[in-house]
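# Commentary on secondary and tertiary structure
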Amino acid sequence: MSSVTPIRFTGTFHSAFAVNGPGCAGCRDGEELGFDFSYAYQPIVDLDNNTIFAHEALVRGPEGEPASSVLGRVTDDNRYRFDQACRRKAIEGAADIGLSQRLSINFLPNAIYQPEVCIRTTLEAARQHDFPVERIIFEATEGDRVEDAARLAAILRYYQRSGFLTAIDDFGAGYAGLTLLAEFQPDIIKLDMALVRNIDSSVPRQAIVKGLMRTCSDLGIQVIAEGIETLAERDFFYNEGVRLMQGYLFSKPAFQSPGSINPSSWV
């Protein structure tokens, strides 16, 4: 994978309000983001029919550097511009490499001022690149800790009403817990990797995950087990009824078209 040239997004990134008119403070300035980044895409697989359910867009440096090299440059001053650039460029990159499945985009909850206004960049990018809104999943990421579960729930609820799928990432860690789930029921939760790791040999992890899965089943929420690295982890979740999984066992994040991924190697 190191020989593959990443998709680079360069140039000037403007806030939605630089195009769409006045709005809240912090959204109007149209300043440059000031740094470049690329995207890799990692499949979320459906083991019931050996297909790709979705791809998660993962931020990387302009030469494929780790996400930390980019996220470390996000500040309170550029958080909104970065969030908006991520949305547009994730869709642009997915269209460029011909993704036909769902696209999962992480967003920063603390970058959202008014959901109905901040969503405009996403809608415009989807229209411009002919990417159906119903194939976009918005993941609330743990990288932007939110103490106000009610506010995050309101943002996700608006996205859901707008036709997007919604997901809570790293469920079971940080803010992504039962309090948030009581406020809002997303379409998907992604179990935190700390719960997934070595679950086949951890009775406490097994008990916690089984309880979460029963709750999600009662609420009609799909579960994704992310960070799957071993056959034993895969088999535990599959035997417990989880069909959607993500992790290095299936594919590392890649910059190229998903055509090189072989579903037959998953089982």
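Please refer to the structure higher up on the page.
Residues numbered from 1 in each chain as written. Predicted model: local features only at pLDDT ≥ 70, side-chain atom pairs only at ≥ 80, totals over all residues. Heavy atoms only, no water.

### Observations concerning the pattern of salt bridges
- A full pass over the atoms with the stated rule returns 12 salt bridges.
- For D76, the salt bridge goes to R79, with nearest N and O atoms at 2.8 Å.
- R79 gets classed as buried once you look at its relative accessible area, which sits at 18%.
- K190 serves as the salt-bridge partner of E226, at 3.6 Å between the closest nitrogen and oxygen. With a gap of 36 residues between them, E226 in strand β8 (residues 222-226) and K190 in strand β7 (residues 188-191) connect regions that are remote in the sequence. Of the two residues examined, E226 and K190, each falls in the buried class. (Salt bridge = Lys/Arg side-chain N within 4 Å of Asp/Glu carboxyl O. Buried < 20%, exposed > 50% of the residue type's maximum accessible area, 1.4 Å probe, protein only. Helix = DSSP H or I, 4+ residues; strand = E, 2+ residues; numbered from the N terminus.)

### Considering the pairing of β8
- With four of its five residues buried, β8 lies for the most part within the structure.
- Examined bridge by bridge, β7 and β8 share four bridges and lie parallel to one another. Paired with K190 across the two strands is I224, which belongs to β8.
- Alignment of β8 against strand β9 (residues 244-246), held across three bridges, turns out to be parallel. Of the residues in β9, the one forming a bridge with A225 is M245.
- Between the parallel elements β8 and β9, the chain passes through helix α10 (residues 231-239) in a crossover that is right-handed. (Pairing = 2+ DSSP bridges. Right-handed = clockwise from strand over helix to strand, strands pointing away.)

### Focus: the pairing of strand β4 (residues 102-107)
- The pairing of strand β3 (residues 51-60) with β4 spans four bridges and is classified as parallel. Paired with A54 across the bridge in β4 is R102.
- Pairing of β4 with strand β5 (residues 136-140), which is carried by five bridges, proceeds in the parallel orientation. For F107, the partnering residue across the bridge sits in β5 and is A140.

### Observations concerning helix α6 (residues 149-161)
- A rise of 1.5 Å per residue sets the reference length of α6, with its 13 residues, at 18 Å; its end C-alpha atoms lie 18 Å apart and thus fit the reference within 8%.
- Along α6, the positions that sit buried rather than exposed are A149, L152, A153, I155, L156 and Y159. Buried residues along α6 cover an arc of 160° about the axis, so they all sit on one side.
- Tucked into the core, α6 has its buried residues touching α3 (79-96), β4, α4 (115-118), β5, β6 (165-171) and α7 (178-183).
- One or two residues past the end of α6 sits G163, with phi positive at roughly 105°. (Expected span 1.5 Å × (residues − 1). Arc of directions from axis to C-beta. Contact = heavy atoms within 4.5 Å.)

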